[in-house]
Number of protein chains: 2
Amino acid sequence: MNTHVVIMAGGIGSRLWPLSTPEVPKQFIDVLGVGKSLIQLTVERFAPVCEPGNFWVVTGEKYVELVKEQLPQIPAEQILAEPEGRNTAPCIAYASWKIQKKDPEANIVVTPADALVLKTQEFAETIAKALAFTAERDAIVTVGIAPTRPETGYGYIHATEALHGQLVKVSEFREKPDLDTAIGYLEDGHYFWNAGIFVWNVGTIIGELRAYAPQIAGVMDELASAFFTEKESAELHRLFPTCEKISIDYAVMEKSPRIYVIAEDLAWSDLGSWGSVQTHIEADEDNNVTVGSDVRLFGCRDCFVHTAEEKTVVVEGLDGYIVAESKDRLLICRLSQEQHIKEYSA
Amino acid sequence: MNTHVVIMAGGIGSRLWPLSTPEVPKQFIDVLGVGKSLIQLTVERFAPVCEPGNFWVVTGEKYVELVKEQLPQIPAEQILAEPEGRNTAPCIAYASWKIQKKDPEANIVVTPADALVLKTQEFAETIAKALAFTAERDAIVTVGIAPTRPETGYGYIHATEALHGQLVKVSEFREKPDLDTAIGYLEDGHYFWNAGIFVWNVGTIIGELRAYAPQIAGVMDELASAFFTEKESAELHRLFPTCEKISIDYAVMEKSPRIYVIAEDLAWSDLGSWGSVQTHIEADEDNNVTVGSDVRLFGCRDCFVHTAEEKTVVVEGLDGYIVAESKDRLLICRLSQEQHIKEYSA
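Residues numbered from 1 in each chain as written. Chains lettered and ligands numbered in written order. Predicted model: local features only at pLDDT ≥ 70, side-chain atom pairs only at ≥ 80, totals over all residues. Heavy atoms only, no water.

*Asks:* Which residues make up the overall build of chain A, and what values do they have?
*Replies:* Check the secondary structure of chain A and you find 11 helices and 17 strands. Against the 2.2 N^0.38 benchmark of 20 Å for 346 residues, chain A shows a C-alpha radius of gyration of 21 Å, consistent with a compact globule. C-alpha extents for chain A along the principal axes are approximately 60 × 50 × 35 Å. Surface summary for chain A: the accessible area is close to 13900 Å², and the carbon and sulfur share equals 49%. In chain A, 30 side chains carry a positive charge and 51 a negative one; their mean positions are 5 Å apart. (Helix = DSSP H or I, 4+ residues; strand = E, 2+ residues; numbered from the N terminus. Rg over C-alpha atoms; globule rule 2.2 N^0.38 Å. Areas by Shrake-Rupley, 256 points an atom, 1.4 Å probe, with all protein chains shown as cover. Lys, Arg positive; Asp, Glu negative; His and termini not counted. Charge placed at Lys NZ, Arg CZ, Asp CG, Glu CD.)

*Asks:* For the interface of chain A and chain B, give the residues involved together with the corresponding values.
*Replies:* Of the residues lining the interface, 27 residues belong to chain A; the matching set on chain B comes to 27 residues. Of the roughly 2400 Å² buried between chain A and chain B, counting both surfaces, carbon and sulfur atoms make up 55%. There are 2 salt bridges connecting chain A and chain B. Where B:Arg334 meets A:Glu316, a salt bridge forms, and the shortest distance between an N and an O atom there is 2.5 Å. Counting the contacts that link chain A with chain B gives 22 residue pairs in polar contact (both at pLDDT 80 or more). Residue contributions to the side of chain A that touches chain B peak at 6 residues, all from strand 17 (residues 329-334) of chain A. Split into classes, the residues belonging to the side of chain A that touches chain B amount to 14 nonpolar, 4 polar and 9 charged. (Contact = heavy atoms within 4.5 Å. Buried area = accessible area lost by both parts, 1.4 Å probe. Salt bridge = Lys/Arg side-chain N within 4 Å of Asp/Glu carboxyl O. Polar contact = N/O pair within 3.5 Å; in protein donor to acceptor, adjacent residues only side chain to side chain. Nonpolar A, V, L, I, M, F, W, Y, C, P; charged D, E, K, R; others polar.)

*Asks:* Can you explain unusual backbone geometry? Please cite residues and give values.
*Replies:* Residues and elements named next belong to chain A. With an omega dihedral of 5 degrees, the bond running from Trp17 to Pro18 counts as a cis peptide bond. With respect to the helices, strands and loops of the structure, Pro18 is situated in the loop between strand 1 (3-9) and helix 1 (38-46). Here Ala267, not a glycine, exhibits a phi torsion of approximately 50 degrees, which is positive. Following the sequence through the fold, Ala267 ends up in the loop between strand 10 (259-264) and strand 11 (268-269). Residue Leu271 is not a glycine yet carries a positive backbone phi of 50 degrees. Along the chain, Leu271 turns up in the loop between strand 11 and helix 10 (274-278). On the accessibility criterion, Leu271 (0% relative accessible area) is buried. (Buried < 20%, exposed > 50% of the residue type's maximum accessible area, 1.4 Å probe, protein only.)

*Asks:* A description of the pairing of strand 17 of chain A should follow, citing residues and the corresponding values.
*Replies:* Pairing analysis gives 6 bridges linking strand 16 (residues 321-326) of chain A to strand 17 of chain A, with the strands arranged antiparallel. The residue of strand 17 of chain A that forms the bridge with A:Ile322 is A:Cys333. Linking two consecutive strands that pair antiparallel, namely strand 16 of chain A and strand 17 of chain A, is a turn of 2 residues; a positive phi of about 50 degrees is found at A:Lys327 within it. As paired elements, strand 17 of chain A and strand 15 (residues 312-316) of chain B share 4 bridges and run parallel to each other. Looking across to strand 15 of chain B, one finds that A:Leu331 is bridged to B:Val314. (Pairing = 2+ DSSP bridges.)

*Asks:* Run through the relation of the copies chain A and chain B, naming residues and quoting values.
*Replies:* Expressed as a screw transformation, the operator carrying chain A onto chain B has a rotation angle of 179 degrees and an axial translation of 0.1 Å, and the superposed copies differ by an RMSD of 0.1 Å. The transformation just described matches what one would write down for a two-fold rotation axis. Most of the interface of chain A is mirrored in chain B, where 100% of its interface residues again form contacts. (Least-squares fit on C-alpha atoms with pLDDT ≥ 70 in both.)

*Asks:* Lay out the packing of helix 3 (residues 88-102) of chain B against helix 6 (residues 202-212) of chain B with the relevant residues and their values.
*Replies:* Two measures define how a pair of helices packs: the angle their axes make with one another and the distance between the axes. Residue and element names in this part refer to chain B. Helix 6 packs onto helix 3 with a crossing angle of 130 degrees between their chain directions and a minimal axis gap of 10 Å. Classified by the angle their axes make, helix 3 and helix 6 are oblique. As for how helix 3 packs across helix 6, the hand of that crossing is left-handed. Residues Ile92, Ala93, Ser96, Trp97 and Gln100 of helix 3 pack against Val202, Ile205, Ile206, Leu209 and Arg210 of helix 6. (Axes fitted to C-alpha atoms, helices over the stretch in contact; angles between N-to-C directions. Parallel < 35°, antiparallel > 145°, perpendicular 65-115°, else oblique. Left-handed = near helix turned anticlockwise from the far one by under 90°.)

*Asks:* Could you give me a rundown of the side chain of A:Gln78, with the residues and numbers involved?
*Replies:* Residue and element names in this part refer to chain A. With respect to the helices, strands and loops of the structure, Gln78 is situated in the loop between helix 2 (64-70) and strand 3 (79-82). We classify Gln78 as buried; its relative accessible area is 1%. In this structure the side chain of Gln78 is engaged in a polar contact, spanning 2.9 Å, whose partner is the backbone oxygen of Gly53. At 2.7 Å, the side chain of Gln78 and the backbone oxygen of Phe55 are in polar contact.

*Asks:* Tell me about the environment of A:Ala124, residues and numbers included.
*Replies:* All names here are of chain A. By the secondary structure assignment, Ala124 is in helix 4 (residues 120-135). The class for Ala124 is buried, based on a relative accessible area of 11%. Not counting chain neighbours up to four residues away, the residues in contact with Ala124 comprise Pro48 and Val49.

*Asks:* Give a detailed account of the pairing of strand 6 (residues 140-145) of chain B, specifying residues and quantitative values.
*Replies:* Residues and elements named next belong to chain B. Within strand 6, 6 of the 6 residues are buried, which leaves the element mostly enclosed by the surrounding structure. Taking every second residue as pointing to the same face, both faces of strand 6 are buried, with Ile140, Thr142 and Gly144 on one and Val141, Val143 and Ile145 on the other. Bridge count between strand 6 and strand 10 (residues 259-264): 6 bridges; the pairing is parallel. Pairing of Thr142 across the sheet is with Val261, part of strand 10. Where strand 6 meets strand 9 (residues 191-201), 4 bridges bridge the pair, whose relative direction is antiparallel. In the sheet register, Gly144 faces strand 9, and the bridge partner there is Asn194.

*Asks:* How would you summarise the pattern of salt bridges if you had to cite specific residues and measurements?
*Replies:* A complete count under the given rule lists 40 salt bridges over all chains for this structure. As a salt-bridge pair, B:Glu65 and B:Lys68 come within 3.8 Å of each other at their nearest N and O atoms. With B:Glu65 and B:Lys68 both in helix 2 (residues 64-70) and 3 residues apart, this pair spans about one turn of that helix. Notably, a salt bridge pairs B:Arg210 with B:Asp221, separated by 2.6 Å at the nearest N-O pair. In this pair, B:Arg210 sits in helix 6 while B:Asp221 sits in helix 7 (residues 214-224), placing the two residues 11 residues apart along the sequence. Where salt bridges share partners, they join A:Glu23, A:Asp328 and A:Arg329 into one cluster.

*Asks:* Run through the sheet that holds strand 12 (residues 289-291) of chain B, naming residues and quoting values.
*Replies:* As summarised here, the arrangement of the 6 strands in space is 13(A)-15(A)-17(B)-16(B)-14(B)-12(B), forming an open sheet in which the pairing is mixed. Sheet topology places strand 13 (294-298) of chain A together with strand 12 of chain B at the edges, where each strand pairs with a single neighbour. Shown here is a sheet whose adjacent strand axes are inclined to one another by a mean of 5 degrees, direction ignored.

Here you go:
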């Protein structure tokens, strides 16, 4: 009853250009060709633990209409529009202060809009355990993903115990490691991928923000009197951009002593790059992955071709390339060079 | 005054897919990115030798509106619509019979719509010489292009004398040669590329068709009474499809004893393939050729990228590829494999 889910949907997904663009970022796109956008999949994933009326979305102003179209079941007043992006701490603060006004007993999950989880049942069970824990304790719970490879593209959570499916104290957070370090993490068993999913009750997160991000907390206190009134938008435009631009990780997670992790193998991916999307779509016998209704490959290997439905695409003689096409944009790039896509498309 | 130009514009240019499609074939497209379609360039090329009112276009029914849009100066009644393609002999017969009814003294050039000539002044002079020749003689003149490389993709004209800029008798026509033969032709000096351009007076071509293609001539004689009347379209639909499907080369050129050639170095190309188009657009320092307003290449060599104006295209790490994009079609193919494009796109 008091469970709320806050979906952070303000990113632009520049590493998935040209599929993801500032006009329609990846969370609003059917990246996997399954008939649902990533944010729709995210809502679906949390449906077992949260009533439809208790979802909240924080996004950029220009994406509000997209959210309404794709998630008509979410109350319009719970689609929160940031006047500008100030990183995750102000985003989470804004949602937390608003939720507290509506439901002072709220128990909250905060999640990105654009990740993928294949083990949805295990995921729901993990979230339910975390929520049960925070419902009765002044605790922050992070979700740790049991690593399946020495991934250098994610941050890690160092747990005090190498346990799965149970709440254990966090020792520390670690930035993206180099390969040797990542191999060590994988062997060690105490390290888990940080999925950027947080569970806490509203009193806990507001208390932590007051303690560790007092500037942001002060802004929210000033803003709170306008919540759910006709003055809210004007006040938000005046005050929100004054918030310190800082991530929740730096502002709170690295400082708070009350952080736990619940780790599990959830077949999770941040879908942050073409390579990570590719691994979630079935490949043909030449290890090519295609999305699109008329993609014709001749002599291609290890390619990922992602096109709009109505396109006829002929690709001959490519090995290890991304071919991605969306509206009036086209990308052809070696998968090994995909870290440069952001520069190429700038 | 009696000079007429007949432009054959019924082809679909399948080797230039996806730029050229059955809906809008290459003759109606600005293939070179110069602001004019190939058929517009063709009309421009003949302007020095022919009045605007004496141009004729023979094309497929579905291309008539495209011709009217692109060539508004051509009288609508001189845009001839074939109910179906029956190869070049019926096409030329239909135009010849109609022109004769309007101008029994007509002196005619027949040309493809989709070739390129860079030496336009020399071209006009060559055509003028040929027209002067056929105005007074019962002769067929072909235009021979002095070869600049041992091209295996064109047919050749074997002339009795190795002269340029003069009318000489043709010895015989040769099909596309293998490379050794083409090298021999280039060294010999008596062999010229067959540009598919023919010059004759209307009495000559009709006489030759009566002699060597009597079935087609009989159809045209039956059709002629309906020319320039409201019955013409119905009669054309009834009779034209009964014409033997045969090229003018097989029907007449290989049989007639009155064939001449005027050979010249005209910087001509049939623009029949991506490779041939590529050679006519200036390359960058890495030998890449691009058409499009926002094509960004990173680490590419020897590539040809051809896109619509409004596209943003990023290409990384390709060597020797065609990237061509048009409406809802995309091709990525090694230049060395372009002979297979027709199969790939079928």
